[in-house]
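Letter by letter, the chains look like this.
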Amino acid sequence: MLRLLILCAFSSIAAAADFIGVTAAVEGQVTRVSSTSGAPTGPIESGTQVFEGDILSVSDGGRAQVMLKDQTTFTLGSGAEMKIDEFVFGTANDSLNANITKGAFRFVSGKIAKTGPDAMTVDLPSAVIGVRGTQVAGLLNENGEGDVVLIGPGPNSFGVTPGAITVANDFGTQDVLRGGFAVGISPNAAPTAPVPAPAELLERVEQAVQELAGEEIAEEVAAELADHQTVALLEG
């Protein structure tokens, strides 16, 4: 049923100029807080259209996926809030910028991140993540502190095995080149040097953005879209 909803959502809104993706695997209360596109605000369900400029908020204990047209997938865990500030796909200058302000998150980069080292960035309250074809997770506190973990190449990284991120703010920069390593961030200090992610941190991230049954369906749908004319229609 979820798979059908997602496929229908993609095909029915292919002509919408600002359409950038759909939600999937929604659990608990997930809300569109605001939208610059004029999309309705309030609670959303799996298969809801997502537009550039939308702010999505997940309640405590809730979870959701956001699947973008380039096959980037964000998983938002308990207490997370995210805005897609920029999404340009299918041009000579593709770019993606997301802003995650709090809570737990995980994302798998898609086609945009593959186009260049600066093509995909994720803003956090006290740092910016530059993404180079990989999978990343993190936890953010209300005060802007948090941890960012390089998980490693994800299913949408199109054979990019190295996988890496750069975490930077006004005080310094750290390159994370090894899966399973983490950096700490805070508003008034440079990101910490990468260290093996503590088991406790990995467990907390897993609990907050744990694999949902619907995620496997979502990944399967994304793969199907890549293999069929639906993607050509969406990108046309």
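Provided above is the structure to which this section pertains.
Residues numbered from 1 in each chain as written. Predicted model: local features only at pLDDT ≥ 70, side-chain atom pairs only at ≥ 80, totals over all residues. Heavy atoms only, no water.

1. Section: the pattern of salt bridges
Working step 1: Applying the stated criterion across every chain, the model contains three salt bridges.
Working step 2: Of the charged contacts in the structure, one is a salt bridge between Arg63 and Glu27, with a shortest N-O distance of 2.7 Å. Here Arg63, found in strand S6 (residues 63-68), pairs with Glu27, found in strand S1 (residues 19-27); they are 36 residues apart in sequence, far enough to count as distant.
Working step 3: For Glu27, a relative accessible area of 36% corresponds to the partly exposed category. (Salt bridge = Lys/Arg side-chain N within 4 Å of Asp/Glu carboxyl O. Helix = DSSP H or I, 4+ residues; strand = E, 2+ residues; numbered from the N terminus. Buried < 20%, exposed > 50% of the residue type's maximum accessible area, 1.4 Å probe, protein only.)

2. With respect to the environment of Phe51
Working step 1: Mapping Phe51 onto the fold places it in strand S4 (residues 49-51).
Working step 2: Residues Phe51 and Phe19, 32 residues apart in the sequence, show an inter-C-alpha distance of 4.9 Å.

3. Focus on the pairing of strand S2 (residues 30-34)
Working step 1: One ladder, built from four bridges, connects S2 with strand S5 (residues 55-58); its direction is antiparallel. Pairing of Ser34 across the sheet is with Ile55, part of S5. (Pairing = 2+ DSSP bridges.)

4. A look at the nonpolar core
Working step 1: Core analysis: the largest hydrophobic core is formed by 40 residues, its most contacted members being Phe74, Phe105, Phe107, Leu124, Ile129 and Val148.
Working step 2: Take this core: its biggest share by element is five residues, from strand S9 (residues 95-108).
Working step 3: Beyond its immediate chain neighbours, meaning those up to four positions away, Phe107 contacts Thr73, Phe74, Met120, Val122, Ile129, Val131, Thr134, Gln135 and Val136.
Working step 4: Among the nonpolar cores identified, the runner-up in size contains 10 residues, and Ala104, Leu139, Val149 and Ala182 belong to it. (Core = buried A, V, L, I, M, F, W, Y, C linked by side-chain atoms within 4.5 Å. Contact = heavy atoms within 4.5 Å.)

5. Remarks on the environment of Leu124
Working step 1: Summarising the element assignment, Leu124 is placed in strand S10 (residues 120-124).
Working step 2: By relative accessible area, which is 7% here, Leu124 ends up buried.
Working step 3: It is 5.4 Å that separates the C-alpha atoms of Leu124 and Ile100, two residues lying 24 residues apart in sequence.
Working step 4: Each residue touching Leu124, except ones within four places of it in the same chain, is listed here: Ile100, Phe105, Ile129, Leu140, Val148 and Ile185.

6. Focus: helix H3 (residues 199-208)
Working step 1: Every buried residue belonging to H3 is among Leu201, Val205 and Ala208, and all of these are buried. The buried residues of H3 occupy an angular sector of 70 degrees when projected down its axis, which confines them to one face. Away from its buried face by more than 90 degrees, H3 exposes Glu200 and Gln207.
Working step 2: Buried-residue contacts for H3 involve S6, S9, strand S12 (135-140), strand S13 (146-152) and strand S16 (181-185). (Arc of directions from axis to C-beta.)

7. A word on unusual backbone geometry
Working step 1: In this structure, Ala25 takes a positive phi of about 50 degrees despite not being glycine.
Working step 2: Residue placement: Ala25 occurs in strand S1.
Working step 3: What makes Ala25 buried here is its relative accessible area of 7%.
Working step 4: Non-glycine residue Gln71 carries a positive phi angle of around 80 degrees.
Working step 5: Examined against the element boundaries, Gln71 turns out to sit in the loop between S6 and strand S7 (73-76).

8. Digging into the packing of aromatic side chains
Working step 1: One pass over the full model with this rule turns up three aromatic pairs.
Working step 2: Taking 6.1 Å as the distance between ring centres and 50 degrees as the angle between the ring planes, the aromatic pair formed by Phe87 and Phe89 counts as tilted. The exposure classification of Phe87 matches that of Phe89, with both residues buried.
Working step 3: Geometrically, the ring pair formed by Phe105 and Phe107 is stacked, given 6.2 Å between the ring centres and 10 degrees between the ring planes.
Working step 4: Relative accessible area serves as the criterion here: at 0%, Phe105 is assigned to the buried category. (Phe/Tyr/Trp six-rings, centres within 6.5 Å; stacked < 30°, edge-to-face > 60°.)

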